[in-house]
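Each chain, written out:
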Amino acid sequence: MTDTPTQLFIGGAWVDAADGATMPVDDPATGEILCHVADAGPKDARLAEDAAVRAQEKWARTAPRVRSEILRRAYEIILERTDELARLMTSEMGKPLAEARGEVAYAAEFFRWFSEEAVRIDGGGGVLPDGRNRMLLSRRPVGPCLLITPWNFPLAMGTRKIGPAVAAGCTMVLKPAPQTPLSSLALAGILKEAGLPDGVLNVVTTSRAGEVCEPLLRGGRIRKLSFTGSTQVGRLLLAQSADMVVRTSMELGGNAPFIVFEDADLDVAVDGAMLAKMRNMGEACTAANRFFVHRSVAEEFGRRLATRMGALVVGPGTRDGVDVGPLIDAGGRAKVEELVADAVERGARVLVGGRRPEGPGCFYPPTVLTDVDPGSRLMDTEIFGPVAAILTFDDEDEVVRRANDTPWGLVGYVFTEGLDRALRVSERLEVGMVGLNTGLVSNPAAPFGGVKQSGLGREGGRVGIDEFLEYQYLAVPVR
Ligand code: NAP
């Protein structure tokens, strides 16, 4: 903690906010203040934008191999510091150390992946139909980007955007979530060490997101917004991006259906449910939010899931043997409590959990609810906590209709041993990703993203870099 930067990172230098403002960073396991970091205002944001704009032209001309090797070095440094970064993340965000180590590896992998993609940016060309004209296609960086990230994956949500932006030759202003600024500041230090030129990445930590970001989006110099967060905020930022026709990528909220058919292997389904529900204490956009289980296996599935959930150890993420850390803050826990109370009022049975423990920290126990009424609020709200809500269904058409009956479409999970049914149902689900007999879809080599109100564009995979590139077409007549 003592070496972690707490200032803004602008033009390659660590600086205080212009007005000297700072903001506290809390430990959600104790409620105590860990440290204070600089709290940027609009003036700081403009300086960060100036630095990004100044660096853009030279950075765009930097050889792809050079950009690639910076990312590769950063990947290696992150892995060497896994323990240190995992502890930092656990202290500011709460997830257990084992999960934090997993996130460090996942985050680093985006840098390795995009270091490989940086040297594979393709163009193209050919003879046009008239036989006389030729075309040459090249790919150009879109320009200075504004990157806005949430608190739930403090390191990986940063590398998933910074990796392709660096690979493509874009400069950046990163605004991390105020709950988890330390991981982003540590990442900026690592990229500097890895040789990233001054001004290519600038980090502004702030408690005044709206005041800081809106002028950048409306100012005409930022050419791209890459946002991960709630659909509500995404919608607002899309509107702010419209005036200057800023290109946008949106990774927004989810409301994932988790479907268990009567022919599913229940051991596999319960393992999948533990992953899809309990990764990150349920604070994931990919978290299973609605469990639809065939009526004939619902009781057995609920019993087995409740046994597994009830055996998890809840406590501070830094403590050995802990499986479930605290939720991000008191507001996050209060929301989970309200959703559970509403479901119970409407007739849900609590198989395990359902009551917050006494004492400090924002803890909430793993909870399984069954006989959930479809009108319950948690059916159309991201729970963002360790609560599995089980409903039953009778046939395939019915469950597909109910699974799709939501404005979101990020991910769905399907458990069945039948290949025909697996493919048929996956294709009918209105989602950007499907976990087939698995509770985990995230992988840096795969395109991550949603349809409907879950977002626009994809991160990761071969297409992840496209979000940061434009085509330029050169018309060449041959006489
Ligand atoms: P959030 O409230 O939308 O905040 C996300 C980020 O946006 C934060 O940095 C936040 O800063 C900033 N922000 C909020 N209002 C803003 C404004 N007016 N202008 C500029 N920035 C603004 O979401 P969250 O609660 O942190 O994160 C949870 C949400 O993220 C969930 O909905 C989850 O599903 C989604 N998520 C999606 C993905 C995905 O890939 N699809 C991945 C992870 C999370 P402040 O907190 O200071 O407002």
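Here is a short report on the structure shown in this document.

Here is what the cut-offs are and how they apply
- Residues numbered from 1 in each chain as written.
- Predicted model: local features only at pLDDT ≥ 70, side-chain atom pairs only at ≥ 80, totals over all residues.
- Heavy atoms only, no water.
- Helix = DSSP H or I, 4+ residues; strand = E, 2+ residues; numbered from the N terminus.
- Rg over C-alpha atoms; globule rule 2.2 N^0.38 Å.
- Buried < 20%, exposed > 50% of the residue type's maximum accessible area, 1.4 Å probe, protein only.
- Near = heavy atom within 4 Å.
- Polar contact = N/O pair within 3.5 Å; in protein donor to acceptor, adjacent residues only side chain to side chain.
- Areas by Shrake-Rupley, 256 points an atom, 1.4 Å probe, with all protein chains shown as cover.
- 1 Å grid on protein atoms, 1.4 Å probe; cavity = no way out; pocket = protein on both sides within 12 Å on 5 of 7 lines; lining within 4 Å.
- Sits in = over half its atoms within 2 Å of the grid points.
- Nonpolar A, V, L, I, M, F, W, Y, C, P; charged D, E, K, R; others polar.
- Domains from an automatic or database assignment.
- Pairing = 2+ DSSP bridges.
- Axes fitted to C-alpha atoms, helices over the stretch in contact; angles between N-to-C directions.
- Right-handed = clockwise from strand over helix to strand, strands pointing away.
- Salt bridge = Lys/Arg side-chain N within 4 Å of Asp/Glu carboxyl O.
- Phe/Tyr/Trp six-rings, centres within 6.5 Å; stacked < 30°, edge-to-face > 60°.
- Lys NZ or Arg CZ within 6 Å of the ring centre and 35° of its normal.

Some details on the overall build of the chain
A count of helices and strands for the chain gives 13 helices and 22 strands. In summary, the chain has a C-alpha radius of gyration of 23 Å against a globular reference of 23 Å for 479 residues, a match within 12%. With the C-alpha coordinates of the chain rotated into their principal frame, the extents come out at 70 × 60 × 40 Å. The buried share among the 479 residues of the chain stands at 56%.

Some thoughts on the site of the ligand
Near the ligand lie 29 residues; those nearest to it are Thr149, Arg160, Ser230, Leu252 and Glu382. Lys175 is positioned with one of its side-chain polar atoms (N or O) 3.0 Å from an oxygen atom of the ligand. Measuring from an oxygen atom of the ligand, one finds a side-chain N or O atom of Glu382 at 2.6 Å. Its free accessible area being 890 Å², the ligand has 86% of it covered by the protein chains. Using a 2 Å cut-off from the grid points, one finds that the ligand occupies the largest pocket. Secondary-structure elements contributing two or more residues to the shell around the ligand are helix 5 (156-168), helix 7 (209-218), strand 10 (224-228) and helix 8 (231-242). Counted by class, the shell around the ligand contains 18 nonpolar, seven polar and four charged residues. Here the shell around the ligand spans two domains, since at least three of its residues come from each of domain 1 (8-252 + 454-475) and domain 2 (256-443).

A word on the sheet that holds strand 5 (residues 124-127)
Ordered in space as 5-6-22, the three strands form an open sheet in which the pairing is antiparallel. The open sheet has two free edges, formed respectively by strand 5 and strand 22 (469-477), since each of these has just one partner strand. On average, adjacent strands in this sheet sit at an angle of 15 degrees to one another, irrespective of strand direction.

Notes on the pairing of strand 7 (residues 145-148)
Regular strands show a simple pattern: their side chains alternate between the two faces of the sheet. Every second residue of strand 7 is oriented toward a common face, with Cys145 and Leu147 on one face and Leu146 and Ile148 on the other, all of them buried. Direction of pairing for strand 7 relative to strand 8 (residues 172-175): parallel, over a ladder of four bridges. Bridge assignment links Cys145 to a residue of strand 8, and that residue is Met172. Handedness of the strand 7-helix 5-strand 8 crossover: right-handed. In the sheet, strand 7 pairs with strand 10 via four bridges, with the strands oriented parallel. From the neighbouring strand, Cys145 faces strand 10, where its bridge partner is Lys224.

Thoughts on the pattern of salt bridges
Tallying each qualifying case throughout the model produces 35 salt bridges. Among the salt bridges present, the one from Arg346 reaches Asp342, with a minimum N-O distance of 3.1 Å. Three or more residues joined by partner-sharing salt bridges are found here, namely Glu262, Asp263, Glu396, Arg421 and Arg424.

Some remarks on the packing of aromatic side chains
A full pass over the atoms with the stated rule returns nine aromatic pairs. The structure contains a cluster of three or more aromatic residues connected by ring pairs, namely Phe258, Phe291, Phe301, Tyr413 and Phe415. Arg139 extends its terminal NZ or CZ atom over the ring of Tyr471, reaching a point 4.3 Å from the ring centre. The ring centre of Phe468 lies 5.2 Å from the NZ or CZ of Lys224, which sits over that ring.

Description of the pairing of strand 5
In terms of strand pairing, strand 5 meets strand 6 (residues 133-141) through four bridges, oriented antiparallel. Its bridge partner being in strand 6, Gly124 is matched across the sheet by Leu137.

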